[in-house]
Amino acid sequence: MTFRASRMSARSFKLFTHLPSMQAPPLLSRQISMDVKSFASRLSSSGLLRSQGLIGGKWSDAYDGKTIQVHNPATGEVITTVPCMGQKETNDAISSAYGAFNSWSKLTAAERSKCLRKWYDLLISHKEELGQLITLEQGKPLKEAIGEVSYGAGFIELYAEEAKRVYGDIIPPTLSDRRLFVLKQPVGVVGAVTPWNFPLAMITRKVGPALACGCTVVIKPSELTPLTALAAAELSLQAGIPPGVVNVVMGNASAIGDALLASSQVRKITFTGSTAVGKKLMAGAAATVKKVSLELGGNAPCIVFDDADLDVAVKGTLAAKFRNSGQTCVCANRILVQEGIYDKFRDAFAKAVQNMQVGNGFSEGVAQGPLINEAAVQKVESFIQDAISKGAKVVLGAKRHSLGMTFYEPTVLSDVKNDMLIAREEVFGPVAPLLRFKTEDEAIRIANETTAGLASYIFTNNVQRSWRVSEALEYGLVGVNEGIISTEVAPFGGVKQSGLGREGSKYGMDEYLEVKYVCLGNMSSN
């Protein structure tokens, strides 16, 4: 195994000092360059810019020396390279986590809580740099990226507190000479597989409760956005979390996944990503009967009733649809509008969408950045083509943005029908399809007519209707007159083929605990 220094100098970011003219005017280009230079300098001084995996507390290259490039989606340029790891590195990371489990799980809850609290403090103190790193490798607007850091750090803070509240139970015995106890104990080593769209929050939402319970982890971040994961891991070490408790491997996704599934030392898999991959992980976990939590794809309906406040509905739907350029599993994928308000909503919504500024996430006032890669753009295009061929009308957008690269115009489609591809599957892009409905029962039927069941949204001023529809929707999350509903203090997860288990809140702890029953006999007095 070879190791090399991973702290990069500002020179490593020289390629960002000249953005292509098609991306931004000269003044904006110089401003972005200044931001990136300043960012690189701060990262270099803090040691947050890492380009190696973390195994047993040591920064490591791939054993065969292979690397993969990490790109800035706004410019297409290479930020840096990271190791292309596989089975051998993953097995070593598992062994490291397994070795650290015994000591980490034996610490008191208060001791683990202190480490997590220190990690939270460091994440918050570096939220500007982490936000800039997210924008750099993922593309979302800087304000949104910094918001993700605060949101993601919130999971670490929450579970620093919940670590001290893992309570057991005492059961009244059926016989007088017995005592019955229930203990909750950490499940063991956890394999955490995370996506690119929230490169920090999807990690902290899994690792926070795992560590709080006494588990150790092997994190496999997306190859598209590994730098944020590595920065978070660096801060975990600075927080005093012992070597081996947090490990990070990236590269060959199938080889890493197979190693996590095959190992009997890994007792749980937690995954956020597509339903197709989730099913494969679930099937693979069966061989060693691992615990599995899955947060999978969605097809979120956003139902706007005639009695809704138009301004509230437009604002909430805009947030639910276009956050992160539509690249979230809880994005409003279908906007169902009752016929009495359909035309008014369409016009007001299109006007609001038209005012959204598209551009590089480092630019002031930008509300939508690029899509993650060319494949994402092509998927959006194919969905729109299918809809138009079946009768949908373009109200706004429906083409690549003049900025080029993977920027796409915010799009609104009207006259969308439920049999169109864009209403059946996640588009994962900045496209808002408007569907018309007549009655409440029809809206509920259309909303539930999918194998997905993650998030849903309704807009109404009728209190009775809000209760009826919330209870009737087959979704794990329901937002009423609100488009942004995720918070660390509430349970997050889906039903049907949108997943298993819950993340966040006190309920998120249960996913990393085993319940043990202890029966003490011969308790009669002598």
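Conventions we followed
Residues numbered from 1 in each chain as written. Predicted model: local features only at pLDDT ≥ 70, side-chain atom pairs only at ≥ 80, totals over all residues. Heavy atoms only, no water. Phe/Tyr/Trp six-rings, centres within 6.5 Å; stacked < 30°, edge-to-face > 60°. Helix = DSSP H or I, 4+ residues; strand = E, 2+ residues; numbered from the N terminus. Buried < 20%, exposed > 50% of the residue type's maximum accessible area, 1.4 Å probe, protein only. Lys NZ or Arg CZ within 6 Å of the ring centre and 35° of its normal. Polar contact = N/O pair within 3.5 Å; in protein donor to acceptor, adjacent residues only side chain to side chain. pLDDT = per-residue confidence, 0-100. Contact = heavy atoms within 4.5 Å. UniProt positions renumbered as here; feature names shortened; annotations may be inferred. 1 Å grid on protein atoms, 1.4 Å probe; cavity = no way out; pocket = protein on both sides within 12 Å on 5 of 7 lines; lining within 4 Å. Points joined across faces, edges and corners; volume = space filled by probe spheres on them. Nonpolar A, V, L, I, M, F, W, Y, C, P; charged D, E, K, R; others polar.

Topic: the packing of aromatic side chains
To describe a pair of aromatic rings, you give the distance between the ring centres and the angle between the ring planes. As enumerated under the stated definition, the model contains five aromatic pairs in all. Measuring from ring centre to ring centre gives 5.0 Å for Tyr 151 and Phe 155, while their planes differ by 70°; the resulting arrangement is edge-to-face. Taken as a pair, Tyr 151 and Phe 155 lie in helix α5 (residues 142-162) at a separation of four residues, close to a single helical turn. For Tyr 151, a relative accessible area of 17% puts it in the buried group. The structure contains a cluster of three or more aromatic residues connected by ring pairs, namely Phe 322, Phe 345 and Phe 349. For the cation-ring pair, Arg 205 lies above Phe 492, with the distance from its terminal atom to the ring centre recorded as 4.0 Å. Cation over ring: Arg 436 sits above Tyr 342, and NZ or CZ is 3.9 Å from the ring centre.

What to know about the side chain of Glu 234
Within the fold, Glu 234 resides in helix α7 (residues 226-238). Polar side-chain contacts of Glu 234 include one of 2.8 Å to the side chain of Gln 238.

So, the confidence of the model for the protein chain
On average, residues of the protein chain score 92 in pLDDT, and 91% of them reach the 70 mark or higher. Mean pLDDT per element in the protein chain: helix α1 (residues 26-46) is the minimum at 56, and strand β8 (residues 216-220) is the maximum at 99. For the stretch residues 1-30, pLDDT sits under 50, and the model shows 67 contacts to residues farther than four places along the chain or on other chains.

Regarding the UniProt feature "active site" (unreviewed entry) in the protein chain
Within this numbering scheme, the UniProt entry marks Glu 295 as carrying the feature "active site" (unreviewed entry). Considering the arrangement of structural elements, one finds Glu 295 in strand β11 (residues 291-295). With a relative accessible area of 2%, Glu 295 lands in the buried category. Sequence-distant contacts of Glu 295, defined by excluding residues within four places in its chain, comprise Met 202, Arg 205, Phe 271, Thr 272, Gly 273, Cys 329, Leu 454, Phe 492, Ser 498 and Glu 503. Within the structure, the side chain of Glu 295 is placed 2.9 Å from the side chain of Arg 205, a separation counted as a polar contact.

Here we look at empty space enclosed by the protein
One pass over the full model with this rule turns up three cavities of 30 Å³ or more. Considered as a void within the structure, the largest cavity measures approximately 80 Å³ in volume. Tyr 151, Phe 198, Met 202, Arg 205, Glu 295, Arg 323, Thr 328, Cys 329, Val 330, Ser 486 and Phe 492 together form the lining of the largest cavity. Each residue belonging to the lining of the largest cavity can be placed in one class, and the counts come to six nonpolar, two polar and three charged.

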